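Structure at a glance
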Amino acid sequence: MAGAQWFEQRRRDLLPTHYFHVVFTLPAEVARIALANKRIVYNILFRAASETLITVAADPKHLGARIGFLAILHTWGQTLMHHPHVHCVVPGGGLSLDSEQWVASRPTFFLPVKVLSQVFRGKFLDYLGRAYRGGELRLTHSLEELAEPSRFKALLAHLRNKPWVVYAKPPMAGPEQVLKYLARYTHRVAIANSRLVSSSDGQVRFRYKDYTKAGKQRVMALGVAEFLRRFLMHVLPRGFVRIRHYGLLANRCRRANVARCRELACAAGMVPSRCTTEPVDTDTITRRPRCPQCEIGTMVIIDRFTAAMAFNLNATQYLDSS
């Protein structure tokens, strides 16, 4: 239900315009450093991605507008490998730099991906270099060679000469579908229980989509230790905020900015968004399991057990039986 509540809150902020789904992904060479320096590198990822969108959108050569968006950190792929990237849901437009009119992008084009990629790469590597020079990065074990300044400088040079992946397309089914997709990941880590198939003979089996085969469903088997290793790679530092709002949608001024954007967008002839009135289907978001008896109703959580509660329960049952 936490995911459903998050979806409903974000849905109220949707503007009467088209939306774009923008994803910033870190190269494998940086992902290695991120795994040992999660808080620092993930914060840099958020900062570089947000500044890239705001800077390029404000450039009169592109959109010439102040924009707002939400960003969510994901660190996993379908097979639980480490794959850090940030999803951004961005309205297709924003306020003019004097805040007097709504500036809309083209319905099928937001900002040039090549420019986004180059600016993102430059900003990220600049902040990463500062963190290195400030002694903030932990470079031990497999990263020990990068503690040598010449090696780290060579890595930065290599990263500056390779393209970085930025995905930017309008969501085909509208912004609500992107929010529903993201809502499934806002309050859990890495893998849903529904993807787990079995755990026996020292093997954990789970379903995944094979994108090399057009998203075909397959089952992967991993040893318990390897499964746990992959799962624990995605546990974030305590207190780390993985859902953030930027620009016009920053928390301190979101309500006033959303109202202003709606006013100017409607005055510019934009069609009011139906997304602000339709009820939310929480079952689709939370994916409640079906009742195993009737196969019609859905299961509802009535209580949660912590590890300590489960231990105490088992101990009590053992003492009763003896």
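Higher on the page you've got the structure.
Residues numbered from 1 in each chain as written. Predicted model: local features only at pLDDT ≥ 70, side-chain atom pairs only at ≥ 80, totals over all residues. Heavy atoms only, no water.

With that settled, consider the pattern of salt bridges. Once their charged atoms are close, side chains differing in charge can pair, the charge on each being opposite to the other. Scanning the entire structure with this criterion turns up eleven salt bridges. A salt bridge links glutamate 145 to arginine 151; the nearest nitrogen and oxygen atoms lie 3.5 Å apart. Its relative accessible area of 45% is what places arginine 151 among the partly exposed residues. Taken together, the salt bridges that share partners define one network made up of Arg47, Glu51 and Lys123. (Salt bridge = Lys/Arg side-chain N within 4 Å of Asp/Glu carboxyl O. Buried < 20%, exposed > 50% of the residue type's maximum accessible area, 1.4 Å probe, protein only.)

Across soluble globular proteins, nonpolar side chains have a tendency to be buried as a group. In terms of nonpolar packing, the biggest core is built from 49 residues, with Val41, Leu53, Cys88, Phe120, Phe124 and Leu137 touching the most fellow members. Breaking this core down by element, the ones donating at least two residues are strand 1 (19–25), helix 2 (28–36), helix 3 (38–58), strand 3 (68–76), strand 4 (82–91), helix 4 (113–133) and helix 5 (149–160). Top contributing element to this core by residue count: helix 3, with ten residues. Contacts of phenylalanine 120, omitting those with residues within four sequence positions, involve Phe24, Thr25, Leu26, Leu45, Ala48, Ala49, Thr52, Trp164 and Val166. Membership of the second largest hydrophobic core comes to 21 residues, among which are Leu15, Val178, Leu182 and Ile243. (Core = buried A, V, L, I, M, F, W, Y, C linked by side-chain atoms within 4.5 Å. Helix = DSSP H or I, 4+ residues; strand = E, 2+ residues; numbered from the N terminus. Contact = heavy atoms within 4.5 Å.)

A positive phi angle is found at histidine 141, which is not glycine, with a value near 55°. Relative to the elements of secondary structure, histidine 141 occurs in the loop between helix 4 and helix 5. Accessibility expressed as a relative area gives 67% for histidine 141, which makes it exposed. Although it is not a glycine, aspartate 201 sits at a positive phi angle of roughly 55°. Along the chain, aspartate 201 turns up in the loop between strand 8 (196–200) and strand 9 (203–210).

Across the ten residues of strand 4, nine count as buried, placing the element largely inside the fold. Alignment of strand 1 against strand 4, held across seven bridges, turns out to be antiparallel. Its bridge partner being in strand 4, phenylalanine 24 is matched across the sheet by valine 86. Two elements, strand 3 and strand 4, share six bridges in a ladder whose sense is antiparallel. Among the inter-strand pairings, alanine 71 is bridged to a residue of strand 4, identified as cysteine 88. Taking the residues between adjacent antiparallel strands as the criterion, strand 3 and strand 4 are bridged by five residues, where leucine 80 takes a positive phi near 70°. (Pairing = 2+ DSSP bridges.)

Moving on, we come to the packing of helix 3 against helix 4. Remark: helix 3 packs on helix 4, axes separated minimally by 9 Å, with the N-to-C direction vectors making an angle of 140°. With respect to their mutual orientation, helix 3 and helix 4 come out oblique. Both helix 3 and helix 4 take part in a crossing whose hand is right-handed. Facing Ile40, Val41, Ile44, Leu45, Arg47, Ala48, Ala49, Glu51, Thr52, Leu53, Thr55 and Val56 of helix 3, the residues of helix 4 in contact are Val115, Leu116, Val119, Phe120, Lys123, Phe124, Tyr127, Leu128 and Ala131. Along the lines of polarity and charge, the residues of the contact of helix 3 with helix 4 split into 16 nonpolar, two polar and three charged. (Axes fitted to C-alpha atoms, helices over the stretch in contact; angles between N-to-C directions. Parallel < 35°, antiparallel > 145°, perpendicular 65-115°, else oblique. Left-handed = near helix turned anticlockwise from the far one by under 90°. Nonpolar A, V, L, I, M, F, W, Y, C, P; charged D, E, K, R; others polar.)

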